[in-house]
Amino acid sequence: MKIAPSILSADFSCLRREIRSISRADYIHIDVMDGHFVPNITMGPVIFQNLKRYTTIPFDVHLMISHPLQYAKAFMDAGADILTFHYETEDDIQELIRIIHDRGVKVGVSIKPNTDVAVLQPYIKNLDLILVMSVEPGFGGQSFLLSALDKIRYLKKIKEEENLHFIIEVDGGINHETAKSVALAGCDIIVAGTYIFREKNRNRIIKELKGL
Ligand code: DX5
Ligand code: ZN
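This report concerns the structure included in the present document. None of these values were measured; they are calculated from a predicted model. (Residues numbered from 1 in each chain as written. Chains lettered and ligands numbered in written order. Predicted model: local features only at pLDDT ≥ 70, side-chain atom pairs only at ≥ 80, totals over all residues. Heavy atoms only, no water.)

1. Section: the nonpolar core
And step 1. Formed by 63 residues in total, the largest nonpolar core has its most connected members in Val-61 and Leu-83.
And step 2. Element by element, the count of residues in this core is highest for helix H5 (residues 147-161), at five residues.
And step 3. Those residues in contact with Leu-83, other than ones at most four positions away along the chain, are Val-61, Leu-63, Ala-72, Phe-75, Met-76, Ile-100, Val-105, Lys-106, Val-107 and Gly-108.
And step 4. Core analysis: the second largest hydrophobic core is formed by nine residues, Ala-4, Tyr-27, Ile-82 and Val-191 among them. (Core = buried A, V, L, I, M, F, W, Y, C linked by side-chain atoms within 4.5 Å. Buried < 20%, exposed > 50% of the residue type's maximum accessible area, 1.4 Å probe, protein only. Helix = DSSP H or I, 4+ residues; strand = E, 2+ residues; numbered from the N terminus. Contact = heavy atoms within 4.5 Å.)

2. Notes on the site of ligand 1
And step 1. Around ligand 1 sit 20 residues, and of these Asp-31, Gly-138, Asp-171, Gly-193 and Thr-194 come closest.
And step 2. Separating an oxygen atom of ligand 1 from a side-chain N or O atom of His-62 is a distance of 3.3 Å.
And step 3. Within the side chain of Asp-171, one N or O atom sits 2.7 Å away from an oxygen atom of ligand 1.
And step 4. Elements with a minimum of two residues in the shell around ligand 1: strand S2 (28-33), strand S3 (59-64) and strand S8 (189-192).
And step 5. Tallying contributions element by element places S2 first for the shell around ligand 1, with three residues.
And step 6. For the shell around ligand 1, a count of residues per class yields eight nonpolar, 10 polar and two charged. (Near = heavy atom within 4 Å. Polar contact = N/O pair within 3.5 Å; in protein donor to acceptor, adjacent residues only side chain to side chain. Nonpolar A, V, L, I, M, F, W, Y, C, P; charged D, E, K, R; others polar.)

Right, dumping it as structure tokens:
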């Protein structure tokens, strides 16, 4: 399994140092919230664009915003390697997939806990990543919702049956126990915020999660 620490739980007064502390990570997960799609505001592209100079770890950008179409370019300019938006957005999903792919950036779609995974079927062949939310998006430090496991199993099954290439990612409430469950269900990347950043030795936790 690959690990994507969410910098939402990092100390924003010293992001460069925080990034250095997760050098074993496979991706850096960047949570973008607009105070509209979710009831919290985090960061725009200016916050992380300069970080690109200090790391070679790919940026996995998770847009929890109402109008990703309006901002996709700015996030790709800032260095997003994977750009994920929500299925529940008001914007045109096919159009979003097209403009992100045109830039050579990997495209992901995320579903909230109450969204049925089957709604992704019309897009699934064009996606590089599907992000299953295992908490209600908006805040770190929440408890893992078990409903995510069935969605991961479902995705794993159709991925194999239809020989598709998308990556399955899960986000929210990850700790040692829930990471084991998602690994068994067939997840490829796990996002973890609190569980990694609350520890002094973050790379040790990343190594532990990778080994599950
Ligand atoms: C929630 C974010 C998550 C969050 C995960 O809306 O998308 O990435 O930071 O945090 P933990 O691991 O603390 O649940
Ligand atoms: Zn996230």
